[in-house]
Amino acid sequence: MRVLVTGGAGYIGSHTVLALLDAGHEVLVVDSFANSKPTVIPRLEELSGQHIPVHAFDLRDADKTERLFADERIDAVIHFAGLKAVGESTEQPLAYYENNLGSTFALLRAMERHDVRTLVFSSSATVYGEDAPVPYVENRDHLSSSNPYGWTKVMQEQILADVAAASPGLQVAILRYFNPVGAHESGQIGEDPQGIPNNLMPYIAQVAVGRRERLSVFGGDYDTPDGTGLRDYIHVVDLAAGHVAALGHLAANPEIAVRAWNLGTGQGTSVLEMVHAFERASGVPIAYEIVGRRAGDLPASYAKTERAETELGWRAERSIDDMCADTWRWQSANPQGFPG
Ligand code: NAD
Ligand code: UDP
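What counts, and at which threshold
- Residues numbered from 1 in each chain as written.
- Chains lettered and ligands numbered in written order.
- Predicted model: local features only at pLDDT ≥ 70, side-chain atom pairs only at ≥ 80, totals over all residues.
- Heavy atoms only, no water.
- Helix = DSSP H or I, 4+ residues; strand = E, 2+ residues; numbered from the N terminus.
- Rg over C-alpha atoms; globule rule 2.2 N^0.38 Å.
- Buried < 20%, exposed > 50% of the residue type's maximum accessible area, 1.4 Å probe, protein only.
- Areas by Shrake-Rupley, 256 points an atom, 1.4 Å probe, with all protein chains shown as cover.
- Lys, Arg positive; Asp, Glu negative; His and termini not counted.
- Charge placed at Lys NZ, Arg CZ, Asp CG, Glu CD.
- Near = heavy atom within 4 Å.
- Polar contact = N/O pair within 3.5 Å; in protein donor to acceptor, adjacent residues only side chain to side chain.
- Nonpolar A, V, L, I, M, F, W, Y, C, P; charged D, E, K, R; others polar.
- Salt bridge = Lys/Arg side-chain N within 4 Å of Asp/Glu carboxyl O.
- Contact = heavy atoms within 4.5 Å.

A word on the overall build of the protein chain
Scanning the protein chain from N- to C-terminus turns up eleven helices and 14 strands. Here the C-alpha radius of gyration of the protein chain, 19 Å, is about what a compact globule of 340 residues would show, namely 20 Å. Relative to its 340 residues, the protein chain shows a buried fraction of 52%. Accessible surface for the protein chain amounts to roughly 14500 Å². Of this, 48% is attributable to carbon and sulfur atoms. A distance of 2 Å separates the average location of the 27 positive side-chain charges in the protein chain from that of its 44 negative side-chain charges.

Notes on the site of ligand 1
Ligand 1 sits among 27 residues. The nearest are I12, D31, N35, S36 and Y149. Measuring from an oxygen atom of ligand 1, one finds a side-chain N or O atom of K153 at 2.8 Å. Look at ligand 1: alone it shows 830 Å² of surface, and the protein chains cover 96% of it. Listing elements by their share of the shell around ligand 1, those giving two or more residues are α1 (11-22), α5 (93-113), β5 (118-124) and α6 (148-166). Partitioning the shell around ligand 1 into residue classes produces twelve nonpolar, eleven polar and four charged.

Section: the site of ligand 2
Residues in close proximity to ligand 2 total 14 residues, the closest being S216, F218, R231, R294 and D297. At a separation of 2.9 Å, an oxygen atom of ligand 2 approaches a polar backbone atom of L200. Take F218: an N or O atom from its main chain is 2.8 Å from an oxygen atom of ligand 2. Considering ligand 2 on its own, with 510 Å² of exposed area, one finds that the protein chains cover 88% of that surface.

Focus: the pattern of salt bridges
Per the counting criterion, the structure on display carries 21 salt bridges. The partner of E66 in a salt bridge is R113, and the shortest N-O contact between them spans 2.5 Å. With E66 in helix α3 (residues 62-71) and R113 in helix α5, this residue pair connects regions lying 47 residues apart in the sequence. Two residues, R109 and E112, come together in a salt bridge whose shortest N-O distance is 2.9 Å. Here E112 and R109 lie together in helix α5, a separation of three residues that amounts to about one turn.

Quick word on the environment of P197
For P197, the position within the fold is in the loop between β7 (179-181) and α7 (200-208). Taking the relative accessible area as the measure of exposure, P197 reaches 5% and is therefore buried. P197 sits 112 residues away from A85 along the chain, and the two C-alpha atoms are 9.6 Å apart. Among residues more than four places away in sequence, those in contact with P197 are P202, Y203, Q206 and R212.

Purely spatial values, then, with no claim about function.
Below, the structure written as structure tokens:
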């Protein structure tokens, strides 16, 4: 298939571009570089040995999005583009609603006009809200979130369900990611957050490489085995493979209009377990202190993974130690992230 990857220069998108090419698909990328650097592209080309056409614009520019679909043959779209920082979304809710919903509207219009019928959408475990019991199962009726970023995902899921119901032939796979971490095993691409990392793994990696002094562990008094928060960390290369599996599943099951799958490992790992695993992988002690809880954090979040295993024939294979070793290879070789 010829697959348009929106946000293909970003963290998960870049790894998925490699997985798609590896599986024999053709890829083209659209990215505004709002949260990524163009220097990722030559690395992807070197790793894959293939030329990757890149269109640098904001998807909300409906004319440019339309022109892209008019000019290029596109069989399917994987839609990663969006803003994703939870804290920032509470400070700038309008920017999040505008960007995340606006880009999806422009994309859906262009897909409709050009009869592109396959869409894989990046959703998140955050749509399970604050009250769902863990492990999270896909078949819940009411989705919600505790922050504007999460609400953009809930809303986009609803929009996609409504559009799919009204558009015979349109197929939408909604993939709810748990906590993507790790990097390609080459160490050439990985997560490159701008400014101070919000997420645990890049923060630990930057402490290890000397860019940050110490990790603040948000809360040591949760009702968890060691008192720190539990999350379902998934290796980004496993996550990327889940997208290839979802495309294959839609192609093989044309009756599917819209369906959601969790992409996680099903295992909860605590903050301190992750710190210690990273110390083992890197050989570097990670300075940390336990501080108060972060507003809005849940004690535990992990996936029920059966649906993806049985239907997509996909499961996460890489361990926490792999996630730490691969993150360290990327971070130590690229202490300042991508050049540029
Ligand atoms: P990322 O920021 O690294 O990648 C997103 C890419 O989209 C960036 O390259 C950015 O420049 C681009 N982009 C943003 N808005 C755009 C627009 N309007 N037009 C064109 N390009 C635009 O993020 P990521 O971690 O790779 O996440 C990819 C997707 O997965 C996002 O939708 C995110 O919400 C979702 N997700 C991420 C996580 C996570 O922890 N990383 C978890 C769950 C879901
Ligand atoms: N966390 C932490 N210090 C940090 C960043 C995160 O202790 O600097 C904790 C956070 O409280 C949560 C876990 O690490 O228990 C994962 O946080 P992250 O922000 O990576 O993912 P999310 O909370 O969105 O699942």
